[in-house]
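Take a look at the letters that make up each chain.
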Amino acid sequence: MINRHALSRLALIVALTAASSACASMDQAASQGSDGAAYMAAHRSALTLDTHLDTPANLVSPRGFDITKRYDTDREGYQVDLPRMNEGGLDGGFWAIYTAQGPLTPEAYARARDTALLRSAAIREMAARHADAFALALRADDAARIDADGRKVVFQSIENSYPLGEDISMVETFYKLGVRMIGPVHNGNNQFADSTNDSSGPRWNGLSPLGAQLVKEANRLGMVLDGSHASDVAIAQLIDMSATPIILSHHGADGPYQHPRNAPDELLKKLAAKGGVIQMNALGSFIKPLQQSPERVAALSALRDRWGAIDDLPADKYDAYLDERLAIDARYPEARAEFSDYMDQFLYTLKLIGPEHVGVGADWDGGGGVNGMRDVSQLPRITERLLAEGYSEADLKNIWGGNVLRLLRAAETHAAAVASR
Ligand SMILES: [Zn+2]
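Please read all numbers here as calculations on a predicted model, not as lab measurements. (Residues numbered from 1 in each chain as written. Predicted model: local features only at pLDDT ≥ 70, side-chain atom pairs only at ≥ 80, totals over all residues. Heavy atoms only, no water.)

**Student:** Break down the pattern of salt bridges for me, citing the residues and quoting the values.
**Tutor:** Inspection of the entire model under this criterion finds 21 salt bridges. The salt bridge partner of Asp375 is Arg84, with a shortest N-O separation of 3.0 Å. Placement of Asp375 in the loop between strand S10 (358-360) and helix H15 (380-388) and of Arg84 in helix H4 (residues 82-87) is noted, with a sequence separation of 291 residues between them. Of the residues examined, Asp375 reaches a relative accessible area of 9% and is grouped as buried. Arg220 is the salt-bridge partner of Glu172, the closest N and O atoms lying 3.0 Å from each other. Here Glu172 is found in helix H7 (residues 170-177), whereas its partner Arg220 is found in helix H8 (residues 209-221), with 48 residues between them in sequence. (Salt bridge = Lys/Arg side-chain N within 4 Å of Asp/Glu carboxyl O. Helix = DSSP H or I, 4+ residues; strand = E, 2+ residues; numbered from the N terminus. Buried < 20%, exposed > 50% of the residue type's maximum accessible area, 1.4 Å probe, protein only.)

**Student:** If you had to explain the confidence of the model for the protein to someone new, which residues and values would you point to?
**Tutor:** Looking at the protein, the pLDDT average stands at 92 and 91% of residues meet or exceed 70. Predicted confidence in the protein is weakest over helix H1 (residues 4-19), with a mean pLDDT of 44, and strongest over strand S6 (residues 224-225), with 99. Low pLDDT (under 50) marks residues 1-35, which in the prediction has 48 contacts with non-local residues, meaning those over four places away or in another chain. (pLDDT = per-residue confidence, 0-100. Contact = heavy atoms within 4.5 Å.)

**Student:** Residues and numbers for the coordination of the zinc ion, please.
**Tutor:** The coordination sphere of the zinc ion, as far as protein atoms go, consists of Glu159 (OE), His229 (NE2) and His250 (NE2), spread over 2.1 to 2.2 Å. A relative accessible area of 6% places Glu159 in the buried class. By relative accessible area, His229 is classed as buried at 6%. (Donors = N, O, S within 2.8 Å, 3.2 Å for Na, K, Ca; no water.)

**Student:** Explain the environment of Leu290 to me, and be specific about the residues and the numbers.
**Tutor:** With respect to the helices and strands, Leu290 occurs in the loop between helix H11 (284-287) and helix H12 (294-307). Look at Leu290 and you get partly exposed, because its relative accessible area is 26%. Separated by 44 residues in sequence, Leu290 and Glu334 have C-alpha atoms that sit 9.3 Å apart. If we ignore the near neighbours within four places in the chain, the residues touching Leu290 are Gly284, Ser285, Ala335, Arg336 and Ala337.

This is how it looks when you write it as structure tokens:
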């Protein structure tokens, strides 16, 4: 059941959203097709979806965030906005409803549920407010239709099912709000599954009994199950238990670099054998060991101590804070992975399981980004490199969006079959 307060707030937001007028039309054409390079033509002809955009967290920033405005990643940190999506030929993706893991108590579940419901409302509000530039997508076929009329594709996904509490009916509630991809767990074991990052080790040895119910319910409704952040054992169980192929929406491969957020070869082969897909994550510390200099760590710590809660700063103070932080970045640069490191992971995985089982989920606005590809405007570099490696335009279409849409279609077909039984 949904908390009544959350429901009435949600109804209010949906009503406000419907009433708000569409924003002034964006000059999309101006930022498209300016690069005459052959790889840009190939890039633009593919329907490009990133399967893990953490951008919705910015939509509820107390400072305000305008998705139609161009930001600077080095300054504000934001990596996804409409101008840069246009520049990088990113046609949309799965916009994540992320909830940090908290205590497994009824009170904490209720708080998390409200936060997640409001996050979904914020995503829907973004699409409604900027209806000339974005559109909610509910079915796989919606993606091509939305792209054809020049708008960005907004699928919703859940990163961490913690806010569902122990009420499995909440899966359907989120489905009705438009969620089509669902990951049981994040950092820390929860009521559904073991996390790959829990210092206490496994609690369930994979999925819990409630986690098994979540799989069944997601299958019944037609949602794609997402194993990213789950333990390898839990991922293997998701692959076995799900009636349709699963996704690792933002993940890496252990082959080039062993890390808890990367999957070993055998697991990736098992994923692919059942038709599943891994979407390559560009989060630097999952790609190679990164050591920040002690000077940088100390300077950032002193900065935090001096400014306190950054989210509460008024605009002028926030600007002063950003100036100081940029000065630290200039003096003690952040250790980052390189674009070539990212592509090493990518190409390794492609060779291991093939272009029908690999895609892009770079963890934008969630820690992703490497030197040479720090925001979505630089995504065409992936296409450029894959073409240079001999991948065909048909391969590129699968990698950039075809694979994930195949999974969503399979989920829809299964749900229809279950419903007609
Ligand atoms: Zn994540």
